[in-house]
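Survey of secondary and tertiary structure
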Amino acid sequence: MANKTSIKSAAVAKKPAAKLAAAKPVLLAGGNPQIPKGDGDAPVQAYIAAMPGWKRDVGRRLDALIERNVPNLRKAVKWNSPFYGVEGQGWFLNFHCFTKYIKLAFFRGTSLHPVPPGESKHKDVRYFDIREDDQLDEAQLTDWVKQASQLPGERM
């Protein structure tokens, strides 16, 4: 019996750490997935796949909406959040899971019309929160995404 356990443990130890992490990401406070930093679509898709419950569907919708409306889109996961930018212009948006909502951050949000409702301690940043029972106004989100993607982005 002990021999079987030892063989099993050795087999698990041989698996690459990335595969083990990809199998079951850790959820941080508020259910935010802990995904390794990385550039490109793959880490963003891993983040979205790890979002808990209803948030996963919203994450997929947001990602698709942004992809459809931003040419030369650049994606990455930084600080356990998906970031969206335009190649050569910096980042314009990210989102993050909290216990009861998803928070979209528009890095130049005070320049959007209308200005997203959530205030920030950073003078240019504005937030938009999405809760489980909210009806997404995709037309407004699309408009904000298009506007934000045309502004100078943040360098991070």
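**Notes on the layout of surface pockets**
Each pocket or cavity is described by its volume, and for the largest pocket that value is around 320 Å³. For the largest pocket, the lining is made up of 18 residues, of which Asn94, Ala105, Phe107, His122 and Tyr127 are closest to its centre. Looking at the lining of the largest pocket, the elements with two or more residues in it are β5 (81-86), β6 (90-97) and β7 (101-106). In terms of residue count, β6 provides more of the lining of the largest pocket than any other element does, 3 residues in total. The class makeup of the residues in the lining of the largest pocket is 8 nonpolar, 5 polar and 5 charged.

**Considering the nonpolar core**
Generally speaking, soluble globular proteins have nonpolar side chains that are buried together. Counting residues in each nonpolar core, the largest one holds 28 residues, and the members touching the most others are Phe92, Phe95 and Leu104. Those elements that provide at least two residues to this core are α3 (41-50), α4 (54-69), β5, β6, β7 and α5 (138-149). Ignoring sequence-local partners within four residues, the contact set of Phe92 consists of Ile66, Val70, Leu73, Tyr84, Gly85, Val86, Ala105, Phe106, Phe107, Val145, Ala148 and Ser149. Core analysis: the next-biggest nonpolar cluster, separate from the first, contains 7 residues, Ala76, Phe83, Trp91 and Phe107 among them.

**Description of the pairing of β7**
Buried residues dominate β7, accounting for 6 of its 6 residues. Side chains of β7 alternate between two faces, with Tyr101, Lys103 and Ala105 and Ile102, Leu104 and Phe106 buried alike. Strand direction decides the pairing type here: β6 and β7, joined by 5 bridges, are antiparallel. Paired with His96 across the strands is Lys103, a residue of β7. The hairpin turn running from β6 into β7, its antiparallel successor, is 3 residues long. Both β7 and strand β8 (residues 126-131) contribute to a ladder of 6 bridges, which runs antiparallel. For Leu104, the partnering residue across the bridge sits in β8 and is Phe128.

Cut-offs applied
Residues numbered from 1 in each chain as written. Predicted model: local features only at pLDDT ≥ 70, side-chain atom pairs only at ≥ 80, totals over all residues. Heavy atoms only, no water. 1 Å grid on protein atoms, 1.4 Å probe; cavity = no way out; pocket = protein on both sides within 12 Å on 5 of 7 lines; lining within 4 Å. Points joined across faces, edges and corners; volume = space filled by probe spheres on them. Helix = DSSP H or I, 4+ residues; strand = E, 2+ residues; numbered from the N terminus. Nonpolar A, V, L, I, M, F, W, Y, C, P; charged D, E, K, R; others polar. Core = buried A, V, L, I, M, F, W, Y, C linked by side-chain atoms within 4.5 Å. Buried < 20%, exposed > 50% of the residue type's maximum accessible area, 1.4 Å probe, protein only. Contact = heavy atoms within 4.5 Å. Pairing = 2+ DSSP bridges.

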